[in-house]
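This is what each chain is made of:
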Amino acid sequence: ESEKAWIKLATAHALDKEPKTNRRIDAAKRTLLDPTARADYDALLDQGPHIVALLFRADEAQANETWENAVAAYREILTLHPVTRSVRNHLARCLSRAGSHHEARKTMEALLAEQGDSALDWQNYGHILEESAGKDVPTLDLACEAFEKAASLDPQGSSALVALGVHWRKREEYWKAAEYIERA
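About the cut-offs
- Residues numbered from 1 in each chain as written.
- Predicted model: local features only at pLDDT ≥ 70, side-chain atom pairs only at ≥ 80, totals over all residues.
- Heavy atoms only, no water.
- Patch = residues over 30% accessible without salt bridge, like charges linked within 9 Å, V, L, I, M, F, W, Y side chains within 5 Å.
- Areas by Shrake-Rupley, 256 points an atom, 1.4 Å probe, with all protein chains shown as cover.
- Salt bridge = Lys/Arg side-chain N within 4 Å of Asp/Glu carboxyl O.
- Helix = DSSP H or I, 4+ residues; strand = E, 2+ residues; numbered from the N terminus.
- Buried < 20%, exposed > 50% of the residue type's maximum accessible area, 1.4 Å probe, protein only.
- Contact = heavy atoms within 4.5 Å.
- Phe/Tyr/Trp six-rings, centres within 6.5 Å; stacked < 30°, edge-to-face > 60°.
- Lys NZ or Arg CZ within 6 Å of the ring centre and 35° of its normal.
- Expected span 1.5 Å × (residues − 1).
- Arc of directions from axis to C-beta.
- pLDDT = per-residue confidence, 0-100.
- Axes fitted to C-alpha atoms, helices over the stretch in contact; angles between N-to-C directions.
- Parallel < 35°, antiparallel > 145°, perpendicular 65-115°, else oblique.
- Left-handed = near helix turned anticlockwise from the far one by under 90°.
- Core = buried A, V, L, I, M, F, W, Y, C linked by side-chain atoms within 4.5 Å.

(A) Highlighting a nonpolar patch on the surface. A surface patch of nonpolar side chains, about 280 Å² in accessible area, is lined by Leu32, Tyr41 and Leu45. Looking at the element boundaries, leucine 32 is found in helix H2 (residues 19–33).

(B) Spotlight on the side chain of arginine 88. Its location among the elements puts arginine 88 in helix H5 (residues 85–97). When its relative accessible area of 15% is taken as the criterion, arginine 88 is described as buried. In this structure, arginine 88 is in contact with Leu78, Pro82, Thr107, Ala110, Leu111 and Glu114, ignoring residues within four places of it in sequence.

(C) Spatial organisation of the pattern of salt bridges. Applying the stated criterion across every chain yields a total of twelve salt bridges. Between glutamate 114 and arginine 85 there is a salt bridge whose closest N-O contact spans 3.4 Å. Here glutamate 114 is found in helix H6 (residues 101–114), whereas its partner arginine 85 is found in helix H5, with 29 residues between them in sequence. One salt bridge connects glutamate 131 with arginine 93, and the closest N-O pair in it is separated by 3.2 Å.

(D) Highlighting the packing of aromatic side chains. Going through the model one piece at a time under the given rule, you end up with one aromatic pair. Positioned over the ring face of tryptophan 168 is lysine 176, at 4.0 Å from the centre of the ring.

(E) Structural view of helix H4 (residues 67–80). The end-to-end C-alpha separation of H4 is 20 Å, in line with the 20 Å expected for 14 residues at 1.5 Å each. What H4 keeps buried is the set Trp67, Ala70, Val71, Ala73, Tyr74, Ile77 and Leu78. The buried side chains of H4 occupy one side of the element, clustering within an arc of 165° when seen end-on. Facing away from the buried side of H4, by more than 90 degrees, are the exposed residues Glu68 and Thr79. Where H4 is buried, its residues meet helix H3 (35–63) and H5.

(F) Examining the confidence of the model for the protein chain more closely. Residues of the protein chain with pLDDT of at least 70 account for 84%, and the chain-wide mean is 85. For the protein chain, helix H1 (residues 2–12) is the element with the lowest average pLDDT, namely 61, and H6 is the one with the highest, namely 95.

(G) Examining the packing of H5 against H6 more closely. Interhelical geometry of H5 versus H6 gives an angle of 155° and a closest axis separation of 7 Å. Looking at the two axes, H5 sits roughly antiparallel to H6. As H5 runs across H6, the sense of the crossing is left-handed. Each of Arg85, Arg88, Asn89, Ala92, Leu95 and Ser96 in H5 lies in contact with H6, whose residues at this interface are His101, Glu103, Ala104, Thr107, Met108, Ala110, Leu111 and Glu114.

(H) Focus on the nonpolar core. Residues Tyr74, Tyr125 and Leu164 are the most contacted members of the largest nonpolar core, which totals 38 residues. For this core, the secondary structure elements donating two or more residues are H3, H4, H5, H6, helix H7 (119–133), helix H8 (137–153), helix H9 (159–170) and helix H10 (174–183). With residues near it in sequence (within four places) discarded, tyrosine 74 still touches Leu55, Ala58, Asp59, Gln62, Val87, His90, Leu91 and Cys94.

As structure tokens, then:
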């Protein structure tokens, strides 16, 4: 049924005359044929306004540093829309800030196992490791590796390099910190 609708629309809008419309038609086709993207789309159609309200609540809780409230809002979003990677990423950061470091690590590790090519996920994993490490050198080393991975995945970006600079400053290795800050 989706395929027939796509053919009808693609035929009605000539590629050379309406390229913008055709890009939208192709994007719609990809969304409808990909089960994960389709579930994402359906959830947003069904629960969109409620999800938006919860996102505002989570943002407000983060701004006020009431991490438990942010965690509750993100968890409620995930009951409505479980495939949202960005919400799971935010949930992990808020869990870490709320002191639930083990659950935060597990949440980020699951995201990385699903798709390990996101610089943002690796950088946030590094922050979570750093927040949970205290003075534990092996965990601090893992955080450094996560920041390095983020930097390698986004060579044009500077945020992972800044995170590495801050990381080494906290470890009182100022020459390494300066090196990363200069590269940023």
